[in-house]
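# Chain and residue survey
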Amino acid sequence: MEPVILGLVLGGLYALLAQSFVLTFITTKTLNFAVGEFVALGAFATIAVSSWSWLPSFGRVAVGFLAASVVGALAYRFIVLPFTTQGEHDTRWLLSTVALSFVMLNLITNVEGPSPQRSDTARISGSVDVLGVGVSKQQLLLAVLAVVISLILIVVSQRTSIGLVMRAVSQDPETTSLMGISPRLVGMGAYAVAMGLAGLAGVLYAATVGASPVMGAPLLVASIAVAVIGGLGSLWGPLLGGALYGVLSEVASFQYGAIWGETAGLLLVIAVLVWKPEGLLGRRMEVKL
Amino acid sequence: MSTIEKSPPTSAAAPEPQRPRSHVRSALRGDILFAVVAFGIAVLAILPGRDGAGTSISTMQLVASMAAMTVAAVGLNLLVGYTKLVSLGQGGFYAIGAYASAYLTLDVGLPPLLAILGALALCGAIGAVVAVSSMRLRGPQFAVITLVLAVLVERILNEGNAFGRLAGYPNYAEHDTTSMEPVSVFGITFRPPMIAGEVATVMVPIVVVTVLVLIIARNIAKSPWGSSLSAIGESEMLAAHLGVNVFRRKISVFVLASVLGGLGGVIVTQAFAHLQPETFDIYLTITIVLAVVFGGSGTILGPLVGAVAIVWLEQSDILAEIGSFQQENISDTWYLSTSGLVGVLFILTLFLMPRGIVGTAGQLLATVVRKSAADPDAASTEGSASTADHPAVTTTASTDQHARVERPPVAAGADTSESMLRISGLSKNFGGLRAVAEMDLAVDGGQIHAIIGPNGAGKSTLANLLTGVYQPTEGTVTFLGRDLTGQAPHHVSRAGVARTFQTPQLFHDATVRANVLAGFADTGRTPLWAAALKPPGRYRRDAEMRAEADRLLDLVGLGDVADLRASELPYGKQRYLEIARALASDPQLIVLDEPAAGLLATESVVLGDLLLSLREEGFALVVVEHHMDLVARIADQVTCMDQGRLLARGTPAEVLSDEAVVAAYLGKPHEEGTH
Amino acid sequence: MKLQNLWSAKGIAIGAAALLALSGCGSDGGSEATGTADADGIITVKLGVVGPMTGPASLYYEYMDQDLEAFADDFEEQYGVRFDVVAEDDQASPEETARAVSKLINEEGVQAILGPPLSGNSLQVADTVQRSAIPWLLAGPNADEIINYDVQPNWAFQTNFTNQQIMSILGERLWANDAKVGIVYSADGFGQSNLDQLTAWADANGKELSVEETIQPGAADANATIKRMKDAGVESVFMGITQGSDTATVTRAIEQGGFDPATIMTTGTILTNYKDVAEPSQWEKIQIVDPRNFLEGGDKWVLDQVQEETGEAPAIPTNNISTYAMLDIYAQAVQTVGDANDKEAVRQAMEDIETVHIGPDLTIESPFSSDDHKLYTDDPATWFTYGFDDNFDLVNLGTAADCVEGC
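Everything numeric in this text was worked out from a predicted model, so none of it was measured.

Our focus in this paragraph is the overall build of chain C. Helices and strands together make up the secondary structure of chain C, namely 12 helices and 14 strands. Taken over C-alpha atoms, the radius of gyration comes to 22 Å for chain C, in line with the 22 Å a tight globule of 407 residues would show. Overall, chain C is about 75 × 40 × 40 Å in size when its C-alpha atoms are taken along their principal axes. Put simply, chain C has 407 residues, and 63% of those count as buried. Long-range contacts, defined as pairs at least 24 residues apart, comprise 67% of the intrachain contacts of chain C with a sequence gap of at least 6. About 13,800 Å² of surface is accessible on chain C, with carbon and sulfur atoms providing 48% of the total. Between the centroid of the 21 positive side chains of chain C and the centroid of its 66 negative side chains there is a distance of 5 Å.

Dropping the structure here:
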């Protein structure tokens, strides 16, 4: 039982980041490989305003979200969008976002220094008992947030026209632009929300581990893995993927040691990609001639 | 009336009898020149180390790193540049090659050369497994699975006791030394660049191997095997229709790329004599991708230029100096140092030089050349000066119009005792939907059979069943007495069925001529060894294909634009180009899926002429078409489909006047479906 | 006697310098690094420094830089040795390190090499430096695997403690009362060396290591690791972790998992990057052993001096001290030989050094022999055990020998 609960909680962090991959993929068919640096950006933005005593801690968290959000929208406009113009086989965005991650990591390191910094905003100490298992309150908050945010996104995308617009833009940008919807704006909006989520995850994660330039990098592979397992095209995907990845890696860690934990997660990604490339909850696209 | 007379007179580049041989000669000259220059540069690169001077050691190490990165990047370029599969796993193969060759030598005790071959074989085998398991993946998913592979390899090097883990390989605890013994072959010891006074002899095989890899990669890129990779990159379905066994070819190219990745690692082992897992981290794999794209993906020299540039940049002081310049002049904290500047440089490359250094330079050069060629003064002065030397360019006037049809393309006299193509009882279900139901069809050589019907009637599905895109649920397809039912597209293509697509599927960046060249059966049939080693027969065949491609281009009226890029052609001409490419495969039946879609009325007339001329030459044509005037003009037989079923069949006049057909087109509910 | 020699030599140098300064022909500052005494009697040594100047690991270059900035004048004054530093960035990559070291040795013609600070990169160039016959000043790496004493004369010197030493100090403490012992080590060269040496100590002393677990740099949690320790009934935990922030991840998991081992030991690496990301309740029980006295005397003086001269906190306190010791040893050796170009003589002088100074009032006598190039001994009586108070300030609990049964 213990590994299952701890796995679900750990999966929450990955799910939150995976959700940002899914959001950008649904709308723009791109993934931002610099997500790890947006995690750090959010964390440092919040630290930068932590001395503003007039700002309630909710506001400081919002600053972390917004900073990542604004940079995210600009990143889409100037780093991603120009490299998606050559049709569906165009993968230059993959390279430009990797390059963006180099630049952001370097800049954050130069500005903030390599050492981790304490972040007290939204910090909740101690642990809480969940079905007889001690769980850190901070991690539990992240997991609950991942579920809540996913549900909000799902409801919004099903109940409002925003969801329809998002999918329409990715499937047929030309037609949607004829209908007066700018795919560019929708893409920027999606990146703003997605990177904002990454920044938010960064703020909450930094309250535990401290903010450092490299804090996001180790999360990158795991959260892409989670997004791929669930299916890049499904907003439910990160929740399922996060749960599976988290539980499997914790169970393997408990049984065979920490090395096997991460390895098990990676093997799961390979298995899913081989068996169902579109992810467990993804729908396959038929190739049309 | 035949197309030949219609084709503009400017298209009259003559098929000189001398031409193939002159092509052989110029190709040979080009290849020899490339090899000589490559070896020359290689010699210059290692010349400073000839006496083992201490001051040359770091330069030799730099050259070795560049060579290793080049070889790995050349391999990756086959995937990223040609096949358009972005792999983030090349660093993993680099690591496997490096460690396996060291391990097989030191722990298993194989002779060094055998150990190297073993390591490469291992890379190839792992590559094959990865290729099979990632067969259905493209784009981000392919990037992710290969990234996961690289991460797993890194993990194994960090955690696997056999490889010394973080104590490196070799290490004192296990091997009593931290350096590999230099390899000795035939009494020559190949020493790494390490100690002043020792000549770094290993540099000779390193640069020789690098040059050979470049030559082989160049041969492959220019061969039909290389075109098949571009075809897969464009669309796997297209490649299959060009007769390429996509499954096997993707495995081959992945294996080849993996082996080259491993060879890069072998070079590292030989040059540095000691391995640390920290070398093979995730940034290595990304750096190889950067090298390819920076230099120019899909170009022959791109990986070399990119690898050399990136390795040089990362170790040079230039970026560090730019970093401190910013610190002094802009801000002490808000500045970019080496890795950030590499990132900026890379983004700028993508913006300003989307084809990388080599690709963009090549494009500029081509533009300049074409401009000067278009300049009448320049052309005439140059022309008059060189007339005597280049007869092939200047014999335009003497063209014999009939020369171009001297060789009928195909077996016009094929066995006609039974229909060339016979379809019976063919059905296709998609889930609950019956897209094609119990269709029969027979087409003979020298016949045009049009298939018409309202949208959603199942016409395109029928075409796709015919060429093997879909497996039929029931029924049979027989072609020239052979059963083609359910055969894969490349089998259908090899059996002699070519096709064109609703929206032309061309290699937009390649020249018009290269597009036709991709249509030859060689694209699917050339074995890898022949592509890589380029035996003499290949030169002759290339020249033949070139001549034949030019002939086909003349036939469809594109002879004068053979050197333009396909994307520069107007839409209508792209359709002709697709037909020329279909003809190149030497087919007997051509399936055309809505060839007149998007054409102007005048273009549609020319298309009709072209199709009629093909009929004259004995081809069988199945034309799926909406334009009734075109159908009425060219078709011998018309089949009208509705809701997957046969609605009417007969001559154009009969079918087009059929009430049920009219009703179907006007969308009226018709009583009994079939006729 | 020996001390007298030193003082007299120093006196002469200072006297000569003063005399020359008075006579108005002082050196022009940008003097040539000839390796021999100039007119002022100052020997300028070309010292190659290699380390990660940029990037996430840059702290490991920083400490060398800090020491050179803070103490260069002192060494010049004391021994008449001036360092002309040629720095190369190894970008924390083994391949770059190989190139940087080749460049320093062969193109720059340096007379000694300080660094690289990371064990993995040192291992990459171990053979090259050894065969190039150049004094190798390893003030950072703790891995024993870098030096192979079978190769003589040996050119590498280590002034940090080594992992083998730490295990011989800690082994008894960890296994006291036949406790079950577990190790958490970081997945890097330092961590692995810790594991290897602890295993070796256990084997040699007939003990058994119950649990061994890695932690990846930047891992999100260590819950499973701690749970495994708890389930195995581990009573003594050793953390061989490079980054303080990863140590914090482990101690967080210990607290959260309700794991309460009798002993939690680690090394001085916890002094970097730990405090800011941990809570007092998590470090309450942690103790470290170290051969240095951080709280008084010469070791403390070095750290204070770095703070004062550079205005920055010592980047890696343990390594700041070991770098001071290393520069002291090398400068003395050069002074003794009188010519830094005579590398073999300098090496021999380092090996034969009689008194190493760390600050004005801490000395270590004759630390080296031909098969021992480690500054510290593994006598528990000379090592210190520290705990931490609520502000994460070190508390000296006594020598390691005093604390064998716990402190």
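From this point, the narrative continues.
Moving on, we come to the sheet that holds strand β3 (residues 112-114) of chain C. Backbone hydrogen bonds hold the strands of a sheet together, and the pairing may be parallel or antiparallel. All names here are of chain C. The 5 strands are arranged β2-β1-β3-β4-β5 in an open sheet whose pairing can be described as parallel. Two strands in the sheet have a free side with no partner beyond their single neighbour: β2 (81-89) and β5 (156-158). For this sheet, the mean angle separating the axes of adjacent strands, direction not counted, is 25°. Two strands pair when backbone bridges link them, and strand β1 (residues 43-51) and β3 are joined in this way by 3 bridges, in the parallel orientation. When the bridges of β3 are listed, G48 appears paired with I113. Lying on the sheet, helix α2 (residues 59-79) is in contact with β1, β2 and β3; it crosses β2 at an angle near 165°.

A word on the interface of chain C and chain A. The interface is formed by 26 residues belonging to chain C together with 33 residues belonging to chain A. Summed over both sides, the interface between chain C and chain A buries roughly 2,300 Å², with carbon and sulfur atoms accounting for 51% of that surface. Three residues stand out in chain C for area buried against chain A, namely A220, R228 and Q256 of chain C, and they jointly supply 23% of the buried area on that side. The interface formed by chain C and chain A includes 3 salt bridges.

What follows deals with the pattern of salt bridges. On inspection of all chains with the given rule, the structure shows 44 salt bridges over all chains. As a salt-bridge pair, K534 of chain B and D31 of chain B come within 2.8 Å of each other at their nearest N and O atoms. Within this pair, whereas K534 of chain B is found in the loop between α23 (528-533) and α24 (536-555), its partner D31 of chain B is found in helix α2 (residues 19-46), the two being separated by 503 residues in sequence. The class for D31 of chain B is buried, based on a relative accessible area of 12%. For E351 of chain C, the salt bridge goes to R347 of chain C, with nearest N and O atoms at 2.7 Å. Linking E351 of chain C with R347 of chain C, this pair stays in helix α12 (residues 343-351), spanning 4 residues, or about one helical turn. We classify E351 of chain C as buried; its relative accessible area is 7%.

All names here are of chain C. Each domain of chain C was delimited in the assignment, giving domain 1 (16-161 + 295-365) and domain 2 (163-289 + 381-399). The interface of domain 1 with domain 2 comprises 13 residues on the first partner and 20 residues on the second. Here domain 1 meets domain 2 over a buried area of about 1,200 Å², counting both sides, of which 58% is carbon and sulfur. Three residues, D144, F161 and L295, lead the burial of domain 1 against domain 2; their summed loss comes to 46% of the area buried on that side. For the pair domain 1 and domain 2, the number of links is 0 salt bridges. Where domain 1 meets domain 2, there are 5 residue pairs in polar contact (both at pLDDT 80 or more). Contributing elements (two or more residues each) for the side of domain 1 that touches domain 2: α2 and α11 (317-337). In the side of domain 1 that touches domain 2, the residues fall into 8 nonpolar, 3 polar and 2 charged.

This part is about the packing of aromatic side chains. All told, the structure shown has 30 aromatic pairs over all chains when counted by the stated rule. Their ring planes at 70° and their centres at 5.4 Å tell us that Y103 of chain B and F163 of chain B sit as a pair that is edge-to-face. On the criterion of sequence distance, the pair formed by Y103 of chain B in helix α4 (residues 90-106) and F163 of chain B in the loop between α6 (139-159) and α7 (172-175) is long-range, its members being 60 residues apart. Judged by centre distance (5.9 Å) and plane angle (80°), the ring pair of F142 of chain B and F254 of chain B falls under edge-to-face. Of the two residues, F142 of chain B sits in helix α6 while F254 of chain B sits in helix α11 (residues 246-272), which places them 112 residues apart along the sequence. Both residues of the pair, F142 of chain B and F254 of chain B, belong to the buried class. A connected cluster of aromatic rings, assembled from ring pairs, spans F71, F75, Y79, F83, W301, Y324 and Y330 of chain C. Across the ring face of W155 of chain C, the terminal group of R347 of chain C is positioned such that the distance to the ring centre comes to 5.7 Å.

Tracing the backbone shows F78 of chain A in helix α3 (residues 57-80). Along the backbone, F78 of chain A and G246 of chain A are 168 residues apart, and their C-alpha atoms lie at a distance of 34 Å.

About the criteria used
- Residues numbered from 1 in each chain as written.
- Chains lettered and ligands numbered in written order.
- Predicted model: local features only at pLDDT ≥ 70, side-chain atom pairs only at ≥ 80, totals over all residues.
- Heavy atoms only, no water.
- Helix = DSSP H or I, 4+ residues; strand = E, 2+ residues; numbered from the N terminus.
- Rg over C-alpha atoms; globule rule 2.2 N^0.38 Å.
- Buried < 20%, exposed > 50% of the residue type's maximum accessible area, 1.4 Å probe, protein only.
- Contact = heavy atoms within 4.5 Å.
- Areas by Shrake-Rupley, 256 points an atom, 1.4 Å probe, with all protein chains shown as cover.
- Lys, Arg positive; Asp, Glu negative; His and termini not counted.
- Charge placed at Lys NZ, Arg CZ, Asp CG, Glu CD.
- Pairing = 2+ DSSP bridges.
- Axes fitted to C-alpha atoms, helices over the stretch in contact; angles between N-to-C directions.
- Buried area = accessible area lost by both parts, 1.4 Å probe.
- Salt bridge = Lys/Arg side-chain N within 4 Å of Asp/Glu carboxyl O.
- Domains from an automatic or database assignment.
- Polar contact = N/O pair within 3.5 Å; in protein donor to acceptor, adjacent residues only side chain to side chain.
- Nonpolar A, V, L, I, M, F, W, Y, C, P; charged D, E, K, R; others polar.
- Phe/Tyr/Trp six-rings, centres within 6.5 Å; stacked < 30°, edge-to-face > 60°.
- Lys NZ or Arg CZ within 6 Å of the ring centre and 35° of its normal.

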